[in-house]
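Topology and contacts: notes
As a plain string of letters, each chain reads:
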Amino acid sequence: MSTSAHPVAPVPPFTSRRWPKALALGAVLFVAAAFVFKYVFHYYLHYNEAAFNDPAAGAANYWRMRGWLLLHISSGMTAALIGPWQFSQRLRKRYLQLHRLSGRVYVIAVMCGCVGALGLAIGTTFGKAWGFGVAMLAFAWFTTTSMAYYAVRQRQIQIHREWMVRSYVVTFAFVTFRIFNDYPPMKNWLPDADRANVMIWACWALPLLVTEVILQLKRMPRPQNLAVREK
């Protein structure tokens, strides 16, 4: 997503050390795609009031708020499916211009998704606690993505990459929420409304905390490096 023009670096060979990252990105992309097929496509395939207002799938006022809903889920789907490709070093070095273009699309998708989320939060029928949780999720989504964009505009590439990781963790919260809320063992924990109000925070706050710990651990110098510095 950097705006400066640099010569494209030679692509390193695909060594065995890159396989774990490639597999992890592939797994994330697969789960994101599965989420889209299961939870998003039915709104496009069944565009009618009964499908939108189905209590098992959504809310009683989703048809009335379908503009906000479709803006939110379409943008979130775009960000969720584009995001993993942004972390591929091989693709970034080989197709730098495509990386920048898809990065801009990602940022625009997130901003549109935040607008849709705020619209849904204001008009929700699930109560103020749920609406506030959705609004704060949108705020975290906006903040992490804005920081990633600002960092790359300042040519702070490493900082940009770290904020992009945080941004995608929040993007993936839409998947994490469903995993926490819809499947055992969490599915049987607390009444439905209470569980949803807890999970709308846990789906992004807990993964973001774990991510932050990992990022900070990677910054810490190893003991042998400290010994070299002391010499």
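Everything numeric here is computed off the predicted structure, so don't read it as measured data.

The next subject is the packing of aromatic side chains. Each aromatic ring pair is summarised here by two numbers: the centre-to-centre distance and the angle between the ring planes. What the rule picks out here adds up to 15 aromatic pairs. Taking the centre distance of 6.3 Å and the plane angle of 70° together, the rings of Phe41 and Tyr44 count as edge-to-face. With a gap of 3 residues between them, Phe41 and Tyr44 both fall in helix α1 (residues 19-45), about one helical turn apart. Judged by relative accessible area, Tyr44 falls into the partly exposed class, the value being 35%.

Here the focus is unusual backbone geometry. Note: most peptide bonds trans; most residues except glycine with negative phi. In this structure, Pro185 follows Pro184 across a cis peptide bond, with omega equal to 0°. Within the element layout of this structure, Pro185 appears in the loop between α8 (173-182) and α9 (192-219). Backbone geometry at Arg155 places phi at a positive 60°, although glycine is not the residue there. Position of Arg155 among the secondary structure elements: in the loop between α6 (128-153) and α7 (157-171).

What follows is about the pattern of salt bridges. This model, assessed by the stated rule, comprises 3 salt bridges. A salt bridge links Arg219 to Glu162; the shortest N-O distance between them is 2.6 Å. Here Glu162 lies in helix α7 and Arg219 lies in helix α9, a separation of 57 residues in the sequence. Between Glu212 and Arg166 there is a salt bridge whose closest N-O contact spans 2.7 Å. Here Glu212, found in helix α9, pairs with Arg166, found in helix α7; they are 46 residues apart in sequence, far enough to count as distant.

Mapped onto the elements of the fold, Asp194 is located in helix α9. Taking the relative accessible area as the measure of exposure, Asp194 reaches 40% and is therefore partly exposed. In the structure, Asp194 is positioned 64 residues away from Trp130 in sequence and 9.2 Å away in space, judged by C-alpha atoms.

A separate point is α8. Across the 10 residues that make up α8, a large majority, 7, are buried. Among the residues making up α8, those that are buried are Ala173, Phe174, Val175, Thr176, Phe177, Asn181 and Asp182. Elements that come into contact with the buried residues of α8 comprise α1, α3 (66-82), α6, α7 and α9.

As a further point, take a nonpolar patch on the surface. Taken together, the side chains of Trp85, Leu91, Tyr95, Leu98, Leu101 and Val105 define a hydrophobic patch exposed on the protein surface, amounting to about 580 Å² of accessible area. The element best represented in the nonpolar patch is helix α5 (residues 96-122), accounting for 3 residues. Within the secondary structure, Leu91 is located in helix α4 (residues 89-94). For Leu91, a relative accessible area of 32% translates into the label partly exposed.

Right, let's talk about the packing of α6 against α9 for a bit. Close contact between α6 and α9 brings their axes to 9 Å; oriented N to C, the two are set at 10°. Comparing their axes, α9 and α6 come out roughly parallel. Together, Ala129, Trp130, Phe132, Gly133, Val134, Met136, Leu137 and Ala140 of α6 and Ala196, Asn197, Ile200, Trp201 and Trp204 of α9 make up the contact between the two elements.

About the criteria used
Residues numbered from 1 in each chain as written. Predicted model: local features only at pLDDT ≥ 70, side-chain atom pairs only at ≥ 80, totals over all residues. Heavy atoms only, no water. Phe/Tyr/Trp six-rings, centres within 6.5 Å; stacked < 30°, edge-to-face > 60°. Helix = DSSP H or I, 4+ residues; strand = E, 2+ residues; numbered from the N terminus. Buried < 20%, exposed > 50% of the residue type's maximum accessible area, 1.4 Å probe, protein only. Salt bridge = Lys/Arg side-chain N within 4 Å of Asp/Glu carboxyl O. Contact = heavy atoms within 4.5 Å. Patch = residues over 30% accessible without salt bridge, like charges linked within 9 Å, V, L, I, M, F, W, Y side chains within 5 Å. Areas by Shrake-Rupley, 256 points an atom, 1.4 Å probe, with all protein chains shown as cover. Axes fitted to C-alpha atoms, helices over the stretch in contact; angles between N-to-C directions. Parallel < 35°, antiparallel > 145°, perpendicular 65-115°, else oblique.

Nothing here speaks to function; it is all geometry.
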